[in-house]
Amino acid sequence: MSIHVLSADVFNKIAAGEVVDRPYSVVKELVENALDAGATEIGVETEGGGKRLIRVTDNGCGIPKDELRLAYLPHATSKLSRAEDLERIRTLGFRGEAIASIAAVSRMKLTSKTKDGEAYSLRSEGGALGELTRDGGADGTCALVEDLFFNTPARRKFLKSDAQEDADIANMLSRFLLSRPEVSFTYTANGKVKYRSFGDGLRSALAVVYGADVLNKTYEFDAEKNGIRLHGFLGAPEFSKPNRSYQSLFVNGRYVVNQTVSAAVSNAYGAYLMKRQYPFFVLFLEVPPEVVDVNVHPNKADVRFAENQVIYGCVYSVVSAILDGNARALEYLVPADGRKGEAAPAAAAAPAAPAPAQMSYEQAKKQLSFDVPPLGGRTPVPRPFREERNELEVHAPAAPAPREDVFEENRRFLLERENKARQDKIDADLLVYKGEIFRTYLCYELGDTVYLIDQHAAHERLIYDRLRAKCEARTVCSQPMLVPYLLNVNAQEFAFLEKNLQLLRELGFEAEPFGGNSLKISAVPADLRDIRLEEFFGEVLASMETLRGIRLPDLLKDKLATAACKAAVKGGEALTDGEVRSLIRAMQGDMTLKCPHGRPVAVRIARAEIEKLFKRIV
Ligand code: ADP
Ligand code: MG
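Now for a look at the structure at hand. Please read all numbers here as calculations on a predicted model, not as lab measurements.

One pass over the full model with this rule turns up two cavities of 30 Å³ or more. In this structure, the second largest cavity spans a volume of roughly 30 Å³. Around the second largest cavity sit N171, S174, R175, Y210, S245 and S248, which together line it. When residues in the lining of the second largest cavity are grouped by element, the largest group, three residues, is from helix α6 (residues 162-179). Taken together, the residues of the lining of the second largest cavity sort by class into one nonpolar, four polar and one charged.

Another point: the sheet that holds strand β12 (residues 228-235). Within the open sheet, the five strands sit side by side as β11-β12-β15-β13-β14. Their pairing is mixed. With partners counted over all chains shown, the strands left at the sheet margins are β11 (218-225) and β14 (254-256), one partner each. Along the sheet, successive strands turn relative to each other by an average axial angle of 20°, direction set aside. In the sheet, strand β13 (residues 247-251) pairs with β14 via three bridges, with the strands oriented antiparallel. Opposite F250, over in β14, you have Y255 as the bridge partner. Helix α8 (residues 259-269) rests against β12, β13 and β15 (281-286) of the sheet, and its axis sits at about 130° to β15.

For any pair of aromatic rings, the description consists of the separation of the ring centres together with the inter-plane angle of the planes. With the rule as written, the count across this model stands at ten aromatic pairs. Centre to centre, the rings of Y210 and F280 are 4.9 Å apart; their planes meet at 75°, and the pair counts as edge-to-face. One end of the pair, Y210, is in helix α7 (residues 202-210); the other, F280, is in the loop between α8 and β15, with 70 residues separating them in the sequence. Among the aromatic residues, those joined into a cluster by ring pairs are Y210, F239, Y246 and F280. In this structure, R107 is placed above the aromatic ring of F150, and the distance from its NZ or CZ to the ring centre is 4.0 Å. It is R134 that lies over the ring of Y120; its NZ or CZ is 6.0 Å from the centre.

Turning next to the pattern of salt bridges. Following the criterion strictly, the structure yields 20 salt bridges and no others. Two residues, E125 and R107, come together in a salt bridge whose shortest N-O distance is 3.0 Å. A residue pair is termed long-range when its members are at least 10 positions apart, and E125 in strand β6 (residues 120-125) and R107 in strand β5 (residues 107-113) qualify at 18 residues. For E125, a relative accessible area of 43% puts it in the partly exposed group.

It is worth spelling out the packing of helix α2 (residues 23-36) against α6 at this point. In contact at an axis separation of 9 Å, α2 and α6 are set at 25° when each is read in the N-to-C sense. One finds that α2 runs roughly parallel with respect to α6. Relative to α6, α2 is oriented so that their crossing is right-handed. Counted together, P23, Y24, V27, K28, V31, E32 and L35 of α2 and E165, D168, I169, M172, L173 and F176 of α6 form the full contact between these two elements. When grouped by side-chain class, the residues that make up the contact of α2 with α6 number nine nonpolar, no polar and four charged.

The subject of this paragraph is the pairing of β6. In this sheet, β6 lies alongside β5 in antiparallel orientation, the contact comprising six bridges. Bridged to L110 within β6 is L122. Connecting the antiparallel pair β5 and β6 is a turn made up of six residues. Sheet topology note: the β6/strand β7 (residues 128-134) ladder contains five bridges and is antiparallel. Counterpart to L122 in the pairing with β7 is L132. Connecting β6 to the next strand, β7, in antiparallel fashion are two residues, including G126 with a positive phi near 55°.

Time to look at the nonpolar core. Across soluble globular proteins, you tend to see nonpolar side chains buried next to one another. If you look at the biggest cluster of nonpolar residues, it comprises 51 residues, and the most contacted ones within it are L30, V31, I42, M108, L110 and L173. Residues from two domains meet in this core; each of domain 1 (8-196) and domain 2 (217-346 + 359-377) gives at least three. Contacts of L110, omitting those with residues within four sequence positions, involve I63, L68, A71, Y72, I99, Y120, S121, L122, T141, C142 and A143. Grouped together as the second largest cluster of nonpolar side chains are 39 residues, L249, V261, L285 and Y312 included.

In spatial order, the strands read β21-β23-β22; together these three strands make up an open sheet with antiparallel pairing. Each edge of the open sheet is held by one strand with a lone partner, namely β21 (478-488) and β22 (510-513). The sheet shows a mean angle of 15° between the axes of neighbouring strands, taken without regard to direction. Here four bridges tie β22 to strand β23 (residues 518-525), and the two strands are oriented antiparallel to one another. Considered in β23, the bridge of E512 is made with K520. Sheet strands touched by helix α16 (residues 491-499): β21, β22 and β23. Its angle to β23, the strand with the most contacts, is close to 40°. In this fold helix α18 (residues 533-542) packs onto β21 and β23, with an angle of close to 60° to the strand it touches most, β21.

About the cut-offs
As a convention, each chain's residues are numbered from 1 in the sequence order in which they are written. Written order determines the labels here, with chains lettered from A and ligands numbered from 1. With the structure being a predicted model, the display of local features is reserved for residues of pLDDT at least 70 and the display and counting of side-chain atom pairs for 80 or more, all residues being used for whole-chain, interface and lining totals. The basis for every side-chain value is the complete set of heavy atoms in the structure, and neither hydrogens nor water enter the calculation. Within this scheme a cavity is a closed region of a 1 Å grid, computed over the protein atoms alone, that accommodates a 1.4 Å probe without allowing it to escape, whereas a pocket is open but has protein on both sides within 12 Å along at least five of seven lines; lining residues each have an atom within 4 Å of a point. Grid points are joined across faces, edges and corners, and a volume is the space filled by probe spheres set on the points. By definition, any uninterrupted DSSP run of H or I lasting at least four residues is a helix, any uninterrupted run of E lasting at least two residues is a strand, and each is numbered from the N terminus. Side-chain classes are defined by residue name, with Ala, Val, Leu, Ile, Met, Phe, Trp, Tyr, Cys and Pro counting as nonpolar, Asp, Glu, Lys and Arg as charged, and the others, Gly among them, as polar. Should DSSP find at least two bridges between two strands, the strands are regarded as paired. Axes here refer to lines fitted to C-alpha atoms; in helices the fit is confined to the stretch in contact. Angles between the N-to-C directions go from 0 to 180 degrees. Pairs of residues are marked as contacts when any of their non-hydrogen atoms sit within 4.5 Å. Here is the rule: rings of Phe, Tyr and Trp (six-membered ring for Trp) pair when centre to centre is within 6.5 Å. Planes less than 30 degrees apart are stacked, more than 60 are edge-to-face, and the remainder are tilted. Only lysine NZ and arginine CZ atoms are considered, and such an atom sits over a ring when it is within 6 Å of the ring centre and within 35 degrees of the ring normal. Definition used for salt bridges: Asp or Glu carboxyl oxygen within 4 Å of a side-chain nitrogen of Lys or Arg. Buried, partly exposed and exposed residues are distinguished by accessible area as a fraction of the type maximum, computed with a 1.4 Å probe on protein chains only: under 20%, between the cut-offs, and over 50%, respectively. Any angle that falls under 35 degrees is termed roughly parallel, while one over 145 is termed roughly antiparallel, one within 65 to 115 roughly perpendicular, and all others oblique. By the definition used in this description, the sense in which the near helix is turned from the far one sets the handedness, with an anticlockwise turn below a right angle giving left-handed and a clockwise turn giving right-handed. We call a set of buried residues a nonpolar core when its members are Ala, Val, Leu, Ile, Met, Phe, Trp, Tyr or Cys and they connect through side-chain atoms within 4.5 Å of each other. A domain assignment, automatic or from a database, supplies the domain bounds used here.

Below, the structure is given as structure tokens:
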């Protein structure tokens, strides 16, 4: 397709938006163009955090001489012409606005050579085009962007430090390395090579981005269900991360952030990770293009699925199967040598089962039951992960089980979990108290099991539950303070607190603005008489950044409750016998509880494990 200007009706279907706001977004657009041009080698160079210079060189198809001028025009694209094309977008760019937007705010030069043409360049200064000139160079395109925002000083001011811009460029490029492992990328910042990938596959790209060791800490898998393919790498639960920056999702090759998929993965990991631990994953989801809407956000960072439930069900069941090591996982896991499907000799030896008829996405949608898996409402049941995996190898099924509705599978899975949790619940009255160790752990015996209970984790959990329950029922009791506490914060923090005064009140805090940027706290929740206010507000304000984007007051309540009980519970404090007993009673025999920060409240040790230590049994 040659370059042409989109008709107004097509363009109006696309919400126009800012494509360029930071150096990394310039790099992103230029690399996407190179990829769309079929390049197999892409070089990215930057100077001064990309503010001084960005150069993206590719060996793609090039731009014909007489189209070079068109490339600079707004809404000129070779990738889409009719509105219907929006339904089936496979290329990365399609709005035809990147080059025009970049050129408008920089000094730009495009040099390009097609296979059968000569190399030509065309310069632009703040969008004013120069003359087309003969140039030298290999097949492909070189886009040079200098002095970004030279003519818009206001925008220049919003740029971050060189180091930060470099880091953001590297982070964004890492996603291209992962999504296009067959392309070789080189990224050089101020003359120093930051990334060099060789276009020799995903494992290799993963090692370039995260270090070679990552392959030992992740499970590679490849699953196909109902016309949806999900593959990539899942971090072993012990390889968890303190934030979400180690999570990459690619939908049809495009890096996106998507709530449905995130929720499905988080819920599948739910039982294995503590609060504030995030799984490592690099996931590729391939779905029929007509079921994703890539036009949600101007910079294309999110997608919308026509049927969220089908996507949720697929991701959830695949990730759960792998983490829980259930039999189905065998179908999905790619062994270390990369040859999938040869992991189980038993399966190979068995007479070939008739290939199950593959259900299409459309069929899956029709069969969709209304059992929506609960988002986040699962009971975590910690299970020894390694052992399950080992078991899995022994009990390899002779032939793959026939495919079934993903929701049926999820429902069964959740039910199993629930049953397991119920079985794990013990009768607290039968616990025999055996004393306390390190002034921290309470020791209980029940039949052939010893339970160690972290009294502080338990205490915290109980305060937390109580607080949340009261908060929900709006029955929190306030305890006035003799001397009000004056909280002095900065303007931004004050604005945040002021906006959330109502929530603070629901939690039992009496708080009111007290001139300037201060807040007068005159009462605290009765449960938290001993709360350390400074610490508490410090915690809440520290998470202000992350909370701001989330509209759910629910999450804030959760945060407040966590911070409150953390600030209330003192460590190393001995409990009285009476307190211990009421603690256990309040736990209602649930030994799978976790404290609000995600640490387990109780640990169970079987008699057999102790006897193994003494070599009484092997
Ligand atoms: P879009 O990528 O959305 O089509 P752009 O403004 O990024 O819009 O690019 C405009 C057009 O210029 C593209 O459609 C393509 O035809 C051409 N083009 C841009 N960069 C390259 C490149 N590196 N190689 C080949 N063609 C390119
Ligand atoms: Mg583009």
